[in-house]
Amino acid sequence: MVLQQFDDSWGRFNSPSYKSYTLTNFRDIPQIKKLSREKQFEIEVVGNVLPFKTNNYVVEQLIDWKTVPNDPIFILNFPQRNMLKPKHYLKMATALEKGLERKKIQKIANEIRLQLNPHPAGQMEHNVPQLRDGTKLYGMQHKYKETVLFFPSQGQTCHAYCSFCFRWPQFVGMEELKFAMRETNSLIQYLKEHPEVTDILFTGGDPMIMKASLLSQYIDSILDANLPNLETIRIGSKALSYWPYKFTSDNDSQEMLDLFNRVTRRGIHLSFMAHFNHPVELSTDAVKAAIHSIRGTGAQIRTQSPVLNHINDDPNLWAEMWKKQVSLGLIPYYMFVVRDTGAQHYFGVPLIRAQEIFRDAYQQVGGLCRTVRGPSMSSTPGKIQVLGVTKVGKLKAIVMRFLQGRDPKWVQRPFLAKYDRKAIWIDDLKPFSDKKFFFEDGLEKILNKDTKVSGSDNSTVHGGPP
């Protein structure tokens, strides 16, 4: 991998101004002009269905244009033809070739999007919490008892979009599919009503797209509430990979670091949940400086990524990435399996292969890297870890366990599925011996209860699309 240095103005603490590229201007990128018209059209076709945005840091510092179209960061940022199934690609390509008006193209795009399982794992049906007065909080998610996800409305975009992102509905303009919430009053009220919640996860999009002054309004309100049950604030972000200058030289970088300091000085643990999909994202001087700045506030940085076909489905790469992260003071946290949404057919790695990648990488690293857990599926019943393959008599079986569950009693309980080397999700698997997995009856009761609660009242909607 060759680190690109097209512009020596990219430094440890200095950079050109941030510039984004979308469908409207991506052909202005000098390197894109060298691609064939066919390749450029493919980007346009897929980018009209799945969200597309990159920026000048990614283009000039992370992508090795000598290896395009096979460069992993190029695939991570730029839509590829096979990210859409053939029938969907043909439908959109035909619309563009005919020069249909924008509204008709948007209608076709939305029809395709609704076939891509936009909200997997029951997010819209079963994870939306509500206050005791019946107010539904559509800007939040509450699946596991200790942790609430919060979607600040101003943080529902990113410095660049990952082409695999399972939260792609946040970015495509379909407001009915979007989670967002403008204020923290209802969040604070919910936390008061639910003392079992100890962790708040700010997510999106990317909360780090916000100015420090905006994020401060959210977090300072939480700090001022003096919630006795609050132990941890997490921030899920890709900014270290896609715009590390957010923490070094942007005009509000020090203000952001001061905010982090305020959290840790209050005795609340601040965990920065960083998304790194490939070692090259850890290779610039700028990201190293940003990591140093964040750690200097007392915050910890934990790392996570799905295992992705075409990008990082290589155990040696994962071992390299984990070792590099630990050397920079980061804590490897999760290897995920690609969720059953969007372009899963393109990025998905079979569960058995994913576990082999995890195992072979894990065997190459020391104890400090072995904080990582995986491969894990964030499925409807919970986070399910694939532990490996074993033999029961003469038959092979896949061994799994829950790392998190809708019912906490499921956690750490091993169970078996029939051996299936092609399966890429829990729904593809069959129980090894019984007719059902042990959790299925309990899950049905939980989901039915959620449905009755959400459908039997005249509750108001709060925190919906702004």
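Residues numbered from 1 in each chain as written. Predicted model: local features only at pLDDT ≥ 70, side-chain atom pairs only at ≥ 80, totals over all residues. Heavy atoms only, no water.

The chain is annotated in an unreviewed UniProt entry as Lysine 2,3-aminomutase related protein of Nitrosotalea devaniterrae. Recorded under Cofactor (unreviewed entry), the UniProt text for the chain is reproduced unchanged: "pyridoxal 5'-phosphate". (UniProt positions renumbered as here; feature names shortened; annotations may be inferred.)

A. The arrangement of the overall build of the chain in detail. Helix and strand counts for the chain come out as 16 helices and 15 strands. The contacts in the chain between residues at least 6 apart in sequence include a share of 74% that link residues at least 24 apart. When the accessible surface of the chain is totalled, it reaches about 20000 Å², and 48% of it is carbon and sulfur. (Helix = DSSP H or I, 4+ residues; strand = E, 2+ residues; numbered from the N terminus. Contact = heavy atoms within 4.5 Å. Areas by Shrake-Rupley, 256 points an atom, 1.4 Å probe, with all protein chains shown as cover.)

B. Representation of the pattern of salt bridges within the structure. If you walk through the whole model with that rule in mind, you get 13 salt bridges. One salt bridge connects Arg 353 with Glu 356, and the closest N-O pair in it is separated by 3.8 Å. One end of the pair is Arg 353 and the other is Glu 356, both in helix H15 (residues 351-362) and 3 residues apart, which spans about a single turn. In this structure Arg 353 comes out as partly exposed when scored by relative accessible area, which is 33%. Where Lys 436 meets Asp 441, a salt bridge forms, and the shortest distance between an N and an O atom there is 2.8 Å. Relative accessible area serves as the criterion here: at 44%, Asp 441 is assigned to the partly exposed category. Where salt bridges share partners, they join Lys 39, Glu 42 and Arg 81 into one cluster. (Salt bridge = Lys/Arg side-chain N within 4 Å of Asp/Glu carboxyl O. Buried < 20%, exposed > 50% of the residue type's maximum accessible area, 1.4 Å probe, protein only.)

C. Looking closely at the environment of Ile 446. Tracing the backbone shows Ile 446 in helix H16 (residues 440-455). In the structure, Ile 446 is positioned 40 residues away from Arg 406 in sequence and 7.9 Å away in space, judged by C-alpha atoms. Those residues in contact with Ile 446 that lie beyond four places of it in its chain are Arg 406, Asp 407 and Trp 410.

D. Main features of the side chain of Asn 48. Mapping Asn 48 onto the fold places it in the loop between helix H2 (37-47) and strand S2 (54-55). Among the residues examined, Asn 48 registers a relative accessible area of 4% and is labelled buried. A polar side-chain atom of Asn 48 sits 2.8 Å from the main-chain carbonyl oxygen of Glu 44. Contact partners of Asn 48, with chain neighbours within four places excluded, come to Leu 23, Met 92, Leu 96, Arg 102, Ile 105, Ala 109 and Arg 113. (Polar contact = N/O pair within 3.5 Å; in protein donor to acceptor, adjacent residues only side chain to side chain.)

E. Focus on the sheet that holds strand S8 (residues 269-275). Within the open sheet, the 11 strands sit side by side as S4-S5-S6-S7-S8-S9-S10-S11-S12-S13-S14. Their pairing is mixed. Bordering the open sheet on either side are strand S4 (140-144) and strand S14 (414-418), each of which pairs with just one other strand. Averaged over all adjacent pairs, the angle separating strand axes in this sheet is 30°, with direction ignored. In terms of strand pairing, strand S6 (residues 199-202) meets strand S7 (residues 232-237) through 4 bridges, oriented parallel. Residue pairing for S7: Ile 200 is matched across the bridge by Ile 233. (Pairing = 2+ DSSP bridges. Axes fitted to C-alpha atoms, helices over the stretch in contact; angles between N-to-C directions.)

F. Representation of the nonpolar core in the model. In this structure, Phe 78, Phe 202, Leu 240, Phe 247, Phe 272 and Phe 347 are the most contacted members of the largest nonpolar core, which totals 111 residues. A total of 6 residues in this core trace back to one element, the largest contributor, which is helix H9 (residues 212-224). In terms of domain composition, this core takes at least three residues from each of domain 1 (20-114) and domain 2 (121-298). Ignoring anything within four residues of it in the chain, the contact list for Phe 247 reads Met 208, Ala 239, Leu 240, Ser 253, Met 256, Leu 257, Phe 260, Phe 272, Ala 290, Ser 293 and Ile 294. (Core = buried A, V, L, I, M, F, W, Y, C linked by side-chain atoms within 4.5 Å. Domains from an automatic or database assignment.)

G. Focus on the pairing of S7. Counting buried residues along S7, 6 of its 6 residues qualify, which places the element largely inside the surrounding structure. Judged by which residues are buried, S7 turns out to be covered on both faces: Thr 232, Arg 234 and Gly 236 on one side and Ile 233, Ile 235 and Ser 237 on the other are all buried. In the classification by handedness, the crossover that spans S6, the intervening H9 and the parallel S7 is right-handed. Strand direction decides the pairing type here: S7 and S8, joined by 6 bridges, are parallel. The partner of Ile 233 across the bridge, within S8, is Leu 270. (Right-handed = clockwise from strand over helix to strand, strands pointing away.)

H. Inspection of the pairing of strand S12 (residues 382-392) at higher detail. Examined bridge by bridge, strand S11 (residues 373-378) and S12 share 3 bridges and lie antiparallel to one another. Directly across from Ser 376, in S12, lies its bridge partner Gln 385. Remark: 3 residues form the turn of the hairpin made by S11 and S12, two consecutive strands paired antiparallel. One ladder, built from 10 bridges, connects S12 with strand S13 (residues 395-405); its direction is antiparallel. Bridge pairing in S13 places Gly 388 opposite Val 399. In this structure, the hairpin formed by S12 and S13 is closed by a connection of 2 residues, where Gly 393 is found at a positive phi of approximately 65°.

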